[in-house]
Amino acid sequence: MKFNDGFWLLKNGVKPFYGLQVAQVKSDAQGYDLQVATRPIRHRGDTLGGPVLSVRVHSPTQGVVGVKIEHFASVDPYPNIPLFPDDGPIQDTTHTLTTGGLTAVITENPYTVTFQSPTQKLTEAGIKHQAIFDVPARWTLHNASNSSCLALDSASPETVRYINSELNLSPGELVYGLGEQFGAFVKNGQSIKIWNQDGGTSSEQAYKCVPFYITNRNYGVFINHPGEVEVEVGSEKVSRVGVSVADESLEYFIIYGETPLEILERYTRMTGRPAILPSWTFGLWLSTSFLTSYSTATVSGFLQGMKERNCPVRVFHLDCFWMKQYEWCSFTFDAENFPDPKAYWQRSRKINPYISQLSPIFKEGVKGGYFIKRTNGKPWQWDLWQPGLAVLDITNLEARTWYASKLKELLDLGVDAFKTDFGERIPHASVQFHDGSDPMRMHNTYSVAYNELVFNVLKERFGEGEAVVFARSSAAGGQRFPVHWGGDCESTWEAMGEALRGALSLTVSGFGYASHDIGGFEGHPPAEIYQRWVAFGLFSTHSRLHGSSSYRVPWNYGEEAARSMCKFLEAKHRLMPYLYGLSIEARIKGHPVMRAMFVEFLGDRTTHHLDGQYMLGGSLLVAPVLVGPEEETEYYVPAGRWTSFFEEGRTVEGPQWVKERVGLDALPVWVRPGSVLVLGPPGVDRPDYDYTAGVEVRVYELEEGQVVSASVPAGSGVGIAGEIRVERRAGAVRVWVSSGDVSVGRAVVMAGGRVIGAEVNSWSVIT
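Residues numbered from 1 in each chain as written. Predicted model: local features only at pLDDT ≥ 70, side-chain atom pairs only at ≥ 80, totals over all residues. Heavy atoms only, no water.

Evaluated as defined, the whole model comprises 41 salt bridges. Close ionic contact of R729 with E727 constitutes a salt bridge, the shortest N to O distance being 2.6 Å. Classification of R729 as partly exposed rests on a relative accessible area of 48%. When salt bridges that share partners are traced, they join D198, D319, K419, D421, E424, R425, R472 and D488 into one network. (Salt bridge = Lys/Arg side-chain N within 4 Å of Asp/Glu carboxyl O. Buried < 20%, exposed > 50% of the residue type's maximum accessible area, 1.4 Å probe, protein only.)

Here it is in structure tokens:
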């Protein structure tokens, strides 16, 4: 929300109440409670009028300082973002506001809060940085909630009260995150609305809005509010980030870390970390597409064609039309197209929380009171997407049980996973929820509860570590229920860039995984875009071929496309010991598998603006190509001698920009110096296999005296089957299994831009 007209003036009619002076301070073991006056206190008479801000400054866990600003305090609103859902807080033994290297310094007159690391000031809430604003309703008409297609029933008051807080932006400071945003990766200069909307990947709207941002200055900020949050990132006052909510309280946490990964580790301790995923989910997903034929002959032909071309499909996904048109969701196969659904091979089904009034289960839902209601007690309905569509009331325990029972019937038929589509267009105006939840706070929260419901149905059936959803919408804390994909994009170079920026923005917002529609959703991609997107998709965490009105099987784009897919798919299969190890890291530490370059190279300022490449874990640099083979692509390689993953013997010495033409069957993937990669054996045709048998150990550019270890995952849960250690000393490189039962089929050492040795032993000395 913007309150100012320029820097000096306020918008016409806006009335501010700035926090100016601390009138009273109380302390306890965790922090301070401040009574902050919005007028100068010269004598007792000045305490008799005007709003007072109740400010709580405290440390909920190590390295984090929270600031909660309240105006009118009454019954606590709900729902709220669950804090520490998996791991408890880490308490400092000093019980001060110096916690894990982060210090908060409060001055009383003038009232300020400054946040410092051991070496520098990180940011501050300075003079007049916290305030209450009474805003004429006309200035709120363009808010995301008021301009939404769901706001037709709203009646705006004349004045809206906001709580606003600002933090300084230092020169050169950059802001990232705030969920899956498809625009510029660096958020400086942008107005971001934390309000989930179904707007595709080509607009300012987003499916997964998260009130958390991270900076290149060793801290992140988590705004602990589940409803609409408006963030002005240098877009109202160019040297401040302003955060505002139309509510009576606003709480934020400053999260310090020496590295971006440490910040994300602390943030995900607070909001939850991704569940461990079954290894089969990392394989190739193929869908029917959306508006196409789903016949048995079509699907069987696809699967046979993929097998013949050595592109094995691990998950086959049926989109909406597995149900009869106009009846979504009925959870019932269309009998005309699927006379024997149990005999129909599948792993995944598309569902959503919307129930058409033509669905055979609609009346059952109305009778049970299972849908969100208008304030007059009738079910909320509209005609967008499906006729007379109603929305499951996720706050109603009986409704959740009813919905879950429909899913369990599908599991009985052999379904292994669900694509939890939609969940963004949740009504907030003139509606009521079963448990009395605030509709404004439920709008974003709904997506998390929806994915949690479906995820837990799968976990109950298959066990811990065996559940997965393929979700489009989410919010803070939703990273606990993976996987998430980027929504509806076009089949263009530009949309491919949007998908990449969205994924990078999401994974610096606490999410471990990111996927997208390979080839684009809308339209039919030219062959060169399809092939480029296949390479990008198979070097993303999860890889799904999906379109709208056309299929995404490779031979539709030429047999060369199938050969390229085979190459990249085998590479992903072989990389599974490495990728599954990253999945364990995401579960235990909250580190994303797909990482923006600055996350790994904060000391290299060139990486701070990079949004066209990424690190897949800490060892692989991936640079998707967004141009045809006749044009040059350009990407950046940080310091050190990097080795091509695909082109044996090719190295590049960084830091430097690389400009080159790349064939359609190629993808720039570079291995970081000092890396040890454990690969599966050649020819593996699936992602779920024995990661301990016949592995290939690749050693890249170890320095003299360097010792590196690589864990070998068990392939299920977070278990580690063994460890391989590598040491370079006196020019010799030694590779050995230091723990566990791991058989090494081959060890390859690369140094000085060449392969200097390869042995077929589990105990090798290579010179």
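The next subject is the packing of helix α7 (residues 493–507) against helix α8 (residues 527–538). Close contact between α7 and α8 brings their axes to 10 Å; oriented N to C, the two are set at 15°. Judged by the inter-axis angle, α7 sits roughly parallel to α8. Crossing handedness for the pair α7 and α8: right-handed. Residue-level inspection shows W493, A495, M496, A499 and L500 of α7 in contact with α8, the latter providing E528, I529, R532, W533 and F536. Across the contact of α7 with α8, the residue classes tally to eight nonpolar, no polar and two charged. (Axes fitted to C-alpha atoms, helices over the stretch in contact; angles between N-to-C directions. Helix = DSSP H or I, 4+ residues; strand = E, 2+ residues; numbered from the N terminus. Parallel < 35°, antiparallel > 145°, perpendicular 65-115°, else oblique. Left-handed = near helix turned anticlockwise from the far one by under 90°. Contact = heavy atoms within 4.5 Å. Nonpolar A, V, L, I, M, F, W, Y, C, P; charged D, E, K, R; others polar.)

Inspection of the secondary structure assignment puts M496 in helix α7. Residues M496 and L34, 462 residues apart in the sequence, show an inter-C-alpha distance of 49 Å. When residues no more than four places from it in sequence are discounted, the contact partners of M496 are R532, W533, F536, P624, V625 and L626.

What follows concerns helix α6 (residues 439–462). Helix length check: α6 (24 residues) gives 33 Å between terminal C-alpha atoms against 34 Å at 1.5 Å per residue, within 8%. In the structure, α6 departs most strongly from a straight axis at T445, where the bend amounts to approximately 50°. Remark: G463 follows α6 within two positions and exhibits a positive phi of approximately 105°. (Expected span 1.5 Å × (residues − 1). Bend = angle between axes of the 7 residues up to and from the residue.)

Helix length check: helix α5 (residues 397–412), at 16 residues, gives a terminal C-alpha distance of 23 Å against a target of 22 Å (1.5 Å per residue), a fit within 8%. Those residues of α5 not exposed but buried are A399, W402, Y403, A404, K406, L407, L410 and L411. Looking at the packing, one finds that the buried side of α5 touches β23 (348–351), α4 (362–368), β27 (417–420) and α6. Capping the start of α5 is the job of one residue whose side-chain oxygen sits 2.9 Å from the backbone nitrogen of E398: N396. Just downstream of α5, G414 is the residue with a positive phi angle, here 115°. (Polar contact = N/O pair within 3.5 Å; in protein donor to acceptor, adjacent residues only side chain to side chain.)

Taken together, F7, W8 and L9 make up a surface patch of nonpolar side chains, about 430 Å² in accessible area. If you trace the backbone, W8 turns up in the loop between β1 (4–5) and β2 (9–10). Here W8 falls in the exposed class, since its relative accessible area comes to 77%. (Patch = residues over 30% accessible without salt bridge, like charges linked within 9 Å, V, L, I, M, F, W, Y side chains within 5 Å. Areas by Shrake-Rupley, 256 points an atom, 1.4 Å probe, with all protein chains shown as cover.)

Right, let's talk about the nonpolar core for a bit. Across soluble globular proteins, nonpolar side chains have a tendency to be buried as a group. Formed by 174 residues in total, the largest nonpolar core has its most connected members in I351, Y446, F539, F645 and I724. Broken down by element, the residue count for this core peaks at nine residues, all from α6. One finds L97, V113, I163 and C209 within the second-largest nonpolar core, a separate group that totals 42 residues. (Core = buried A, V, L, I, M, F, W, Y, C linked by side-chain atoms within 4.5 Å.)

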